[in-house]
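These are the residues of each chain, in order.
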Amino acid sequence: MHRRQFLALTGAAFALPSLPLHAATTPSDTLLTWYKLVLELVRHTATYSPPVAARAFGYMGIAAYESLASATNARSLAGQINGLTALPPRPAGAYDESLVLHAVLSEAVETFFGNTGPTGQRAMAAMRDKLGAKLSQGVADDIAARSAAYGLAVAQHIEDYSKSDGGHDVQNMGFPMQWTLQKGPEYWVPTSLIVQQQAPLLPEWGTNRPFAMPVGAPCPAGDPPAYSEDPASEFYKQAIEVYETSKTLTDDQKAIARFWSDDPMLSPTPPGHWVSITLQILHRDGTDALHAADALARLGMGINDAFIACWSDKIHYNRLRPVTYIKRVIDKTWEPLLITPPFAEYPSGHSTQSGAAASVLAQVFGQGFAFDDATHADDGIAPRHYADFNAAAQEAAISRLYGGIHFRAANENGLRQGAEVGSYINALKTLA
Amino acid sequence: MKYLALGLLLLPAAAVAETAAPLVPSFTEQTATAGVRQIYAGDWEYMVGGGVSTFDCNADARPDLIIAGGTNPAKLFVNQSTPGGDLAFTEAQSGVEQTGVLGAYPIDIDSDGVPDIVLLRQGENQVMRGLGNCKFEPANAAWGLDGGNAWSAAFAATWEKGQSWPTLAIGNYIDVTQDMFPWGSCTDNWLHRPDGDKFAAPTPLKPSFCALSMLFSDWNRSGTPSLRVANDREYYKGGQEQLWHVEPGQDPRLYTEAEGWKRLRIWGMGLASYDLNFDGYPEYFVTSMADNKLQTMANPETKSATFKDVAFAKGAIAQRPYTGTDLNPSTGWHAQFEDVNNDGLADLFIAKGNVDAMPDFALKDPNNLLLQRPDGTFQEAGDRAGVAATGLSRGAALADLNADGLMDLVVVNRREPVQIWRNTTKSANHWLTLTLTQPAPNTDAIGAWVEVKMHGHTQRREITIGGGQAGGNLGAVHFGLGDQQQAEVRVIWPDGSEGAWQMLTADAAYRLQKP
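Only a predicted model underlies this, so the values are computations on that prediction, with no experimental measurement involved.

Along the backbone of chain B there are three helices and 37 strands. Its C-alpha atoms put chain B at 65 × 55 × 50 Å along the principal axes. Within chain B, contacts between residues at least 6 apart in sequence are counted, and of these 60% link residues at least 24 apart.

In structure tokens, the structure reads:
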């Protein structure tokens, strides 16, 4: 088997998370190595709140998939997803698929993470130069040049495509400079002592163009329980559930809350968590590059669309967080286990995107697909085992209740909303 | 500056109304004429650091300067300013002219009354023995200091009880060899404890989380300072801000949740401390990006190690530029509390500047001068005071450089010349400058507390070495007195002994000697 043979089922010699460069020789290795860097860039670039990260994952995945699909009979996403026109044709001649991927990903990473700090810039340059030099060894100059040019053309096409989706320009980390709070006891109020977070994160995000979900018709989560301070009301009952649960949290429940906390700047964020899960599986199973890119593209599109759907509802309902309600109505001294995110409560973003991710990944890898999740191993958090993707999504959703940052309805309806988003992704035709 | 004899008077009862609007000081930039020419240079390996320290290296009672240069040699500037005159310095060949220096902290390690210097370096750290008259010689070998080979960016020092030699804490940053995946590569910090009159092999402070500022401070007035560490979340994994027990004869250990410590994860970059609310316990300001913290003890009655953030309530967040059109979030570095208008309330200077060219953060980020109001809140005055410079500032020092009782300002900028301002405030407010000395060891009384009685409250400040951004002050401490023409002063010395209250006449510098 030639080391560059496309679709080779390589037993990738590198291990997440260490990823020694010398072992990155196959297209699949190249893909996973770049994604490993992307997870770090998401964590260490201030713009990358969860919705913004999900968007980058979507475009990165599409770029990688399209660059490889053109060498096979796999179907392009052009014409299937909103606004994507036909990709540049692949000129005749021989290609090195690792160099194609290297070119497309180095360009895409620079595009979508161009605002990272000096350390990220240094890391991107080192990856581009060192991995590029490694992959070019033994490859004829004309093949190397043709591969690089084609990868660049694909990446630039995707970059142009991305600029019109409404999420291209994020300022002030996504927080509006000015914001007028809606008046009424049921509405969101800031919960943070950070000045920037006195306005909600990305209030316009719900109007972005999705990939596969119909434009302008995001999947609704459905109404939450009506706001009430009556102890007999459903809303009060759900608040009491958060409050009482916080008082009796078991060590396992605390561990679950923290495992799925996925705080921006301190983790790869919730969408990055699901990308990490997928990378671990792809690495474990030695999945070929095309199938890996397909999985990452589907996942990226799914979580992006999930955040759009979710954010549309967040701004629509503009619901207050548990910490606000509980302090006002139940116990003014109460504090949740987790840091309350700086935006409206309903539905739960993590739940929605986890519902979408589980739906998409179950379609890619199959139902009942068990896996271990070591996303936070570097942070000293032990891996967790899941019987299938849905089990992981369910745990991610309930973790927000354990953490005291969401009511039950936001989690459960968010999961359903995500699953509906996932169905649009699952309807896309890619691999034969 | 001339030190005056101490007076022994009783404090008369007095009450002076406090005004709500603080006096805005005036600073006059004298960069072009002061003779301080230095540029903190270098690429990625010098994105942090850039410290400046003030200390008297030639026993003339005027603070001299040592300024890091990064890839340029560090420089020492001897103070030639005349009392009340313009700022004037002369560059001197001192022995500290090494490259790779991120910061410098003066400290009299061997307690001979002549200050020594610790140079924090990209590479081997260096202790420099003071020879007098602003001359220094390398002393790693003589004093047994293992300078290591790391990216050292933070420093703090204390004298542990029973020791004749100090304990040095050195904070280290990223493993510079990791170019593609530097995140999570924080080098261990080191605790250099004494072995008689030299240093023992360093103790690694595990875990370490890319420290950018350290400070030994007696946060609970136990008599034994703890080590507060500000850590940069950009690079650690599984990390947080830290508070270490450093107790004589025992291994260092972290404060735990059971002791009240609450996990805080920020871009911790610079530390400053001061007892702002006159309760006897220091508040801590921690610089970060977009979100600075002002921490106060949450439960003074129990003295649990829980701190609450009051930056928002006190108007001390300084999260984004207050001048210009660039409203992206700020990046804070050096922080220092000093009373710049002598009204008896500590004010806060914050050096600001983008890490390099991060578009998510302000590129034109003015330094802050937050004036404290009588109600404990802060009001921005950097632009009105004339210090709202927008270079890529890093280290800074507020010190009375020309012995006029007004705190002047030096700011180190990345890749641009150091700037220096003379405080030219016209004010009737009064002041005191106090320099502590005690018999060896620990001649500068590090760990002492100085108390100055004001109308209805007592100003207190702890004598420390550490904090800030890669630099600090050794020697005189300054108090504004408002309209008080005299004040009762006492020292609680590092051994816990309490000096007598002494009435000091305002507008003078005093040396307070432990009997």
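Check the secondary structure of chain A and you find 13 helices and two strands. In summary, chain A has a C-alpha radius of gyration of 22 Å against a globular reference of 22 Å for 432 residues, a match within 12%. Put simply, chain A has 432 residues, and 56% of those count as buried. A separation of at least 24 residues holds for 82% of the contacts in chain A among residues at least 6 apart in sequence.

So, about the sheet that holds strand β36 (residues 502-505) of chain B. Residue and element names in this part refer to chain B. Here four strands make up an open sheet; going across it, the order is β32-β31-β35-β36 and the pairing antiparallel. Edge positions in the sheet fall to β32 (458-462) and β36, since each of these pairs with one other strand and no more. Neighbour-to-neighbour, the strand axes of this sheet turn through a mean angle of 30°, independent of strand direction. Pairing of strand β31 (residues 449-453) with strand β35 (residues 486-492), which is carried by four bridges, proceeds in the antiparallel orientation. Pairing of Glu 451 across the sheet is with Arg 490, part of β35.

In this model, chain A carries an average pLDDT of 93, and 94% of its residues clear a pLDDT of 70 or more. Within the model, pLDDT remains below 50 along residues 1-20 of chain A, and this stretch shows 40 contacts once partners closer than five positions in the same chain are excluded.

Another aspect to go through is the interface of chain B and chain A. The partner chain A presents 25 residues to the 27 residues of chain B that form the contact. Of the residues belonging to the side of chain B that touches chain A, the class tally is 14 nonpolar, four polar and nine charged.

Residue and element names in this part refer to chain A. With 17 residues, helix α8 (residues 269-285) should reach 24 Å at 1.5 Å per residue; the first-to-last C-alpha distance of 24 Å fits that figure. The element α8 is largely enclosed, with a buried count of 15 among its 17 residues. Note on α8: the residue one or two positions beyond its end, Gly 286, has a positive phi of about 60°.

All right, on to the confidence of the model for chain B then. All names here are of chain B. Averaged over chain B, the pLDDT score is 95; the fraction of residues at 70 or greater is 96%. Taken together, the stretch residues 1-19 has pLDDT below 50 and engages in 35 contacts with residues farther than four places along the chain or on a different chain. The ipTM assigned to the predicted complex is 0.90, against a pTM of 0.93.

When two helices pack together, their arrangement is given by the angle between the helix axes and by the axis-to-axis distance. Residues and elements named next belong to chain A. With their axes 8 Å apart at the nearest point, helix α11 (residues 349-365) and helix α12 (residues 389-402) run at an angle of 175° to one another. Relative to α12, the element α11 is oriented roughly antiparallel. Contacts from His 350, Ser 351, Ser 354, Gly 355, Ala 357, Ala 358, Leu 361 and Ala 362 in α11 reach Phe 389, Asn 390, Ala 392, Ala 393, Ala 396, Ala 397 and Arg 400 in α12. Here the residues of the contact of α11 with α12 are counted per class, giving nine nonpolar, five polar and one charged.

Residues and elements named next belong to chain B. Spatially, β23-β24-β25-β26 is the arrangement adopted by the four strands of the open sheet, whose pairing is antiparallel. Among the strands making up the open sheet, the edge pair consists of β23 (332-338) and β26 (378-380). Geometrically, the sheet is characterised by an average inter-axis angle of 25° between neighbouring strands, direction not taken into account. Note: strand β24 (residues 347-352) against strand β25 (residues 368-372), three bridges, orientation antiparallel. Among the inter-strand pairings, Phe 349 is bridged to a residue of β25, identified as Leu 369.

So, on to the domain arrangement of chain A. All names here are of chain A. Splitting chain A by domain gives domain 1 (3-162) and domain 2 (175-426). For domain 1 and domain 2, the distance between their C-alpha centres works out to 28 Å. Tallying the contact residues gives 40 residues for domain 1 and 43 residues for domain 2. Mapped onto the side of domain 1 that touches domain 2, the elements with two or more residues apiece are α1 (27-44), α2 (50-69) and α3 (97-112). The greatest single-element share of the side of domain 1 that touches domain 2, amounting to 14 residues, is contributed by α2. Partitioned by chemical class, the residues of the side of domain 1 that touches domain 2 number 28 nonpolar, nine polar and three charged.

Attention now goes to helix α13 (residues 408-426) of chain A. The end-to-end C-alpha distance of α13(A) is 27 Å, a good match for the 27 Å that 19 residues give at a rise of 1.5 Å each. Burial runs high along α13(A): 16 of the 19 residues are buried.

Here we come to the environment of B:Gly49. Residue and element names in this part refer to chain B. Along the chain, Gly 49 turns up in the loop between β2 (27-29) and β3 (52-55). Taking the C-alpha atoms as reference points, Gly 49 and Ala 68, 19 residues apart in sequence, are found 8.0 Å from one another. Apart from the residues lying within four places of it in its own chain, the contact partners of Gly 49 are Ala 68, Gly 70, Leu 102, Gly 103, Ala 153, Arg 394 and Ala 470.

Among the nonpolar cores identified, the biggest contains 153 residues, and B:Ala104, B:Val118, B:Ala153 and B:Leu432 are the most heavily contacted of them. The residues contacting B:Leu432, other than those within four sequence positions of it, are B:Val452, B:Phe479, B:Leu481, B:Ala487, B:Val489, B:Leu504, B:Ala506, B:Ala508 and B:Tyr510. In this structure, A:Tyr95, A:Ile308, A:Ala357 and A:Phe389 belong to the second largest nonpolar core, which totals 123 residues.

What follows is about the environment of A:Asp313. Residues and elements named next belong to chain A. Among the secondary structure elements, Asp 313 is positioned in helix α9 (residues 289-317). The class of Asp 313 is buried, set by 27 C-beta atoms lying within 10 Å. Placed 201 residues apart in sequence, Asp 313 and Phe 112 show a C-alpha to C-alpha distance of 26 Å. In this structure, Asp 313 is in contact with Pro 220, Ala 221, Tyr 346 and Pro 347, ignoring residues within four places of it in sequence.

Here is what the cut-offs are and how they apply
Residue numbers restart at each chain and count upward from 1, following the sequence in its written direction. Each chain is given a letter, starting from A, and each ligand a number, starting from 1, according to the order in which they appear as written. Where totals are concerned, whole chains, interfaces and linings use all residues; where local detail is concerned, this predicted model gives features only for residues with pLDDT of at least 70, and gives and counts side-chain atom pairs only at 80 or more. The helix count covers DSSP runs of H or I at least four residues long, the strand count covers runs of E at least two residues long, and both are numbered beginning at the N terminus. Here contacts are defined at the residue level, using C-beta atoms placed from the backbone and a cut-off of 7 Å between them. Radius of gyration here is computed from C-alpha atoms only, and the compact-globule reference equals 2.2 Å multiplied by the residue count raised to the power 0.38. Any residue surrounded by 20 or more other C-beta atoms within 10 Å of its C-beta is treated as buried, while 12 or fewer makes it exposed and the intermediate range makes it partly exposed; C-beta atoms here are placed from the backbone. Strand pairing is assigned whenever DSSP identifies at least 2 bridges connecting the two strands. In this description, a line fitted to the C-alpha atoms serves as the axis of each element, helices being fitted only across the stretch in contact, and the angle between N-to-C directions of two axes falls anywhere from 0 to 180 degrees. Each residue carries a pLDDT value, the predictor's own confidence for that position, ranging from 0 to 100. Amino acids are sorted into nonpolar (Ala, Val, Leu, Ile, Met, Phe, Trp, Tyr, Cys and Pro), charged (Asp, Glu, Lys and Arg) and polar (every other residue, Gly among them). What a helix is expected to span follows from its residue count: subtract one and scale by 1.5 Å. Any angle from 65 to 115 degrees is called roughly perpendicular, while one under 35 is roughly parallel, one over 145 is roughly antiparallel, and all others are oblique. Annotation comment: domain bounds sourced from an automatic or database domain assignment. To count as a nonpolar core, a set of buried Ala, Val, Leu, Ile, Met, Phe, Trp, Tyr and Cys residues must be joined through C-beta atoms within 7 Å.

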